[in-house]
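Single-letter residue listing:
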Amino acid sequence: MGLAIQMAFVVAAALFIFGLKLLGSAATARRGNMLSAVGMLLAIVAALLDQGIVEYQWIVLGFVLGGAIGAVAARFVQMTSMPEMVALFNGFGGMASLLVGAAALATAGSTFTLVTIVLSILIGGLTFTGSLVAWGKLSETIGSGAVTFRGQQIVNSLIVAGIVVSAVMFCLQPESSQWLYLIIGLSLLFGVMAVIPIGGADMPVVISLLNSYSGLAACAAGFAINSNILIVAGALVGASGIILTQIMCKAMNRSLTNVLFSGFGSVSTVET
Amino acid sequence: MELIFLVFILMLSIFLGFELINKVPATLHTPLMSGANAISGITVVGAISLAGTGQQDLSNWLGAAAVALATVNVVGGYMVTDRMLAMFKKRGSK
C-alpha cells in the first residue's frame with residue numbers, strides 16, 4: 001500500500017509538470033489546467049489512503065469548508081477582479097504552509113527539521129500578509145498608492161534582523177515557544193512591510209512573486225514533514241513562479257528590483 | 001526517507017521549474033500564475049496527514065485548519081484558472 005501511494009505521488013508530480021507545460025501555450029492551456037487538477041485530486045486521494053490517517057471527520061470538515069469557500073469565491077468573482085482573487089487564494093496557501101510547519105514542530109527531531117520549520121513559517125507568513133495587502137491594493141479596499149515613510153528601510157532592516165535572531169534562537173532552544181511566536185509575528189509583519197511600498201499598478205508582478213514564495217513555503221513544509229510530493233510540487237511552483245515573474249517584469253519593461261524597490265525611490269531613478 | 005535524496009529531488013525540480021516556463025504569451029501570464037498558484041495548494045496533502053492522526057492535540061487542530069485553507073487555494077485556484085481560460089476561448093483569440 002505504501003508503494004502504491006508513493007507511485008500515485010509520482011504520477012501526480014508528472015501531471016503537474018505536464019500541466020504547467022501545457023499552460024504555457026494558448027491552444028492547450030485549459031487542458032493543462034485540467035491535467036494539473038487531476039494530479040491534485042490523485043495526490044489528495046493517495047494522501048487520504050495513508051495508513052497514518054485514522055480519523056477523517058476533521059479532514060472532511062476542512063474539505064467541505066475550504067471547498068465551499070473556494071468554489072463560491074471562484075464562481076462569483078467578477079472577471080475584472082480575478083487577479084486579486086488569485087492573490088487571496090495564494091495567501092491562504094501560504095497560511096496553510098505556516099500551519100503545517102508549526103504543526104510539524106511536535107514531531108521535529110533534528111536541527112535540519114527545525115530549520116525547515118522556520119522556513120515554512122517565515123515564507124508562509126510573509127506570503128499570507130503580503131498577499132492580503134496585494135489583494136487590498138488591487139480591490140481598492142486599502143489605498144492602492146505606494147506607502148512610504150521616513151526610516152522605512154531602517155524599520156525593515158530591524159525586522160529582518162529580528163527574524164534572523166529569533167530563527168537562530170528558536171533552532172537552539174526549540175522547547176521555549178516565545179521564539180516561535182516571535183518568528184510568526186515578525187514574518188507576518190514583514191509581509192505587510194514588503195508590499196505596502198509598491199504601487200497598485202505593479203501588483204500583478206508582486207502577486208506572481210508571492211505565488212512563487214507560496215510554492216517555496218510548501219516545499220519547506222515538505223522537508224519539515226518528510227513529504228516528497230510537497231517538495232517536488234512546491235519547488236516546481238517556486239521556480240516557475242520566479243521565471244514567470246521575470247517574464248512579467250520584462251513585458252512591462254522593468255527589472256524585478258525596480259518593481260520591488262520602486263517605492264523607496266532610490267533604485268527606480270537609476271535603472272530607467 | 002533519506003535526506004540526501006530529498007535534496008536531489010529538490011534540485012531537479014527547481015531546474016525543471018525553470019525550464020518549463022519560457023516564451024509565454026502575455027495574455028497567458030495571469031492564468032499561468034493562477035494555475036501555478038493552485039498547485040502550491042499541494043500543502044493540503046501535508047495538512048491531511050496532520051489532521052487525521054486521531055490525537056486531539058494542537059498539531060491536529062493546526063492540520064485541520066491547514067486542510068481548510070489549502071482546500072480554498074486548490075479548489076478556488078483551479079476554478080478561477082478555468083474560468084479565465086474559458087473566457088479566452090469564447091473570445092476566439094489565439
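Per an unreviewed UniProt entry, chain B is named proton-translocating NAD(P)(+) transhydrogenase, and its organism is Kineobactrum sediminis. Quoted straight from UniProt, the Catalytic activity (unreviewed entry) entry for chain B says "NAD(+) + NADPH + H(+)(in) = NADH + NADP(+) + H(+)(out)". Under Function (unreviewed entry), UniProt gives the following word-for-word description of chain B: "The transhydrogenation between NADH and NADP is coupled to respiration and ATP hydrolysis and functions as a proton pump across the membrane."

Next up on the list: the overall build of chain A. In terms of helices and strands, chain A carries 11 helices and 0 strands. Going residue by residue from the N terminus, the α and β elements of chain A occur as α-α-α-α-α-α-α-α-α-α-α. Against the 2.2 N^0.38 benchmark of 19 Å for 272 residues, chain A shows a C-alpha radius of gyration of 19 Å, consistent with a compact globule. When its C-alpha atoms are laid out on the principal axes, chain A stretches across 60 × 55 × 30 Å. Relative to its 272 residues, chain A shows a buried fraction of 53%. In chain A, the share of contacts with a sequence separation of at least 24, taken over all contacts with a separation of at least 6, comes to 68%. If you sum the accessible surface of chain A, you get close to 11500 Å²; carbon and sulfur atoms cover 71% of it. Considering chain A, the positive charge centre built from 8 side chains and the negative charge centre built from 7 side chains are found 15 Å apart.

The next point concerns the pattern of salt bridges. A pair can form between side chains of opposite charge whenever their charged atoms are brought close. The tally for this structure, following the rule as stated, stands at 2 salt bridges over all chains. Salt-bridge contacts for Arg30 of chain A lead to Asp82 of chain B; the nearest nitrogen and oxygen are separated by 2.9 Å. Here the residue Arg30 of chain A occupies a position in helix H2 (residues 29–48), and Asp82 of chain B occupies one in helix H4 (residues 58–91), the pair thus bridging two chains. Residue class for Arg30 of chain A comes out partly exposed when judged on its relative accessible area of 30%. Overall, Asp82 of chain B belongs to the buried group, its relative accessible area being 18%. Put simply, Arg254 of chain A and Asp202 of chain A hold a salt bridge, and the shortest N to O gap is 3.2 Å. Of the two residues, Arg254 of chain A is situated in the loop between helix H9 (228–251) and helix H10 (256–261) and Asp202 of chain A in the loop between helix H7 (178–195) and helix H8 (203–224); the sequence distance between them amounts to 52 residues. Judged by relative accessible area, which is 25%, Arg254 of chain A ranks as partly exposed.

Another aspect to go through is unusual backbone geometry. All names here are of chain A. Phi is positive for Glu140, close to 60°, though the residue is something other than glycine. Its identity as a non-glycine residue notwithstanding, Asn226 has a phi of 60°, on the positive side. With respect to the element layout, Asn226 can be found in the loop between H8 and H9. Accessibility expressed as a relative area gives 42% for Asn226, which makes it partly exposed.

Another point: the UniProt feature "transmembrane region" (unreviewed entry) in chain B. Residues and elements named next belong to chain B. Per the UniProt record, "transmembrane region" (unreviewed entry) is annotated on residues 6–24, 36–55 and 61–81. Secondary structure content for residues 36–55 is 65% helix and 0% strand, and the end C-alpha separation is 33 Å. Helix and strand shares over residues 61–81 are 100% and 0% respectively, and the end C-alpha atoms of the span are 30 Å apart.

Glancing now at helix H5 (residues 111–138) of chain A. The end-to-end C-alpha separation of H5 of chain A is 40 Å, in line with the 40 Å expected for 28 residues at 1.5 Å each. The buried count for H5 of chain A comes to 21 of 28 residues, which makes it a mostly enclosed element.

A few words now on a nonpolar patch on the surface. Side chains of Phe112 of chain A together with Leu3, Ile4, Phe5, Val7, Phe8, Met11, Leu12, Phe15 and Phe18 of chain B sit close together on the surface and give an oily, nonpolar patch of about 940 Å² of accessible area. Examining the composition of the nonpolar patch, we find that 9 residues originate from one element, helix H1 (residues 3–20) of chain B, more than from any other. Here Phe5 of chain B shows up in helix H1.

Interhelical geometry of helix H1 (residues 2–23) of chain A versus helix H2 (residues 29–39) of chain B gives an angle of 170° and a closest axis separation of 10 Å. Here H1 of chain A is positioned roughly antiparallel relative to H2 of chain B, judged by the angle of their axes. Seen from H1 of chain A, the contacting residues are Phe16, Leu20 and Leu23 of chain A; seen from H2 of chain B, they are Leu32, Gly35, Ala36 and Ile39 of chain B. Here the residues of the contact of H1 of chain A with H2 of chain B are counted per class, giving 6 nonpolar, 1 polar and no charged.

Reading the values: the criteria
Residues numbered from 1 in each chain as written. Chains lettered and ligands numbered in written order. Predicted model: local features only at pLDDT ≥ 70, side-chain atom pairs only at ≥ 80, totals over all residues. Heavy atoms only, no water. UniProt positions renumbered as here; feature names shortened; annotations may be inferred. Helix = DSSP H or I, 4+ residues; strand = E, 2+ residues; numbered from the N terminus. Rg over C-alpha atoms; globule rule 2.2 N^0.38 Å. Buried < 20%, exposed > 50% of the residue type's maximum accessible area, 1.4 Å probe, protein only. Contact = heavy atoms within 4.5 Å. Areas by Shrake-Rupley, 256 points an atom, 1.4 Å probe, with all protein chains shown as cover. Lys, Arg positive; Asp, Glu negative; His and termini not counted. Charge placed at Lys NZ, Arg CZ, Asp CG, Glu CD. Salt bridge = Lys/Arg side-chain N within 4 Å of Asp/Glu carboxyl O. Expected span 1.5 Å × (residues − 1). Patch = residues over 30% accessible without salt bridge, like charges linked within 9 Å, V, L, I, M, F, W, Y side chains within 5 Å. Axes fitted to C-alpha atoms, helices over the stretch in contact; angles between N-to-C directions. Parallel < 35°, antiparallel > 145°, perpendicular 65-115°, else oblique. Nonpolar A, V, L, I, M, F, W, Y, C, P; charged D, E, K, R; others polar.

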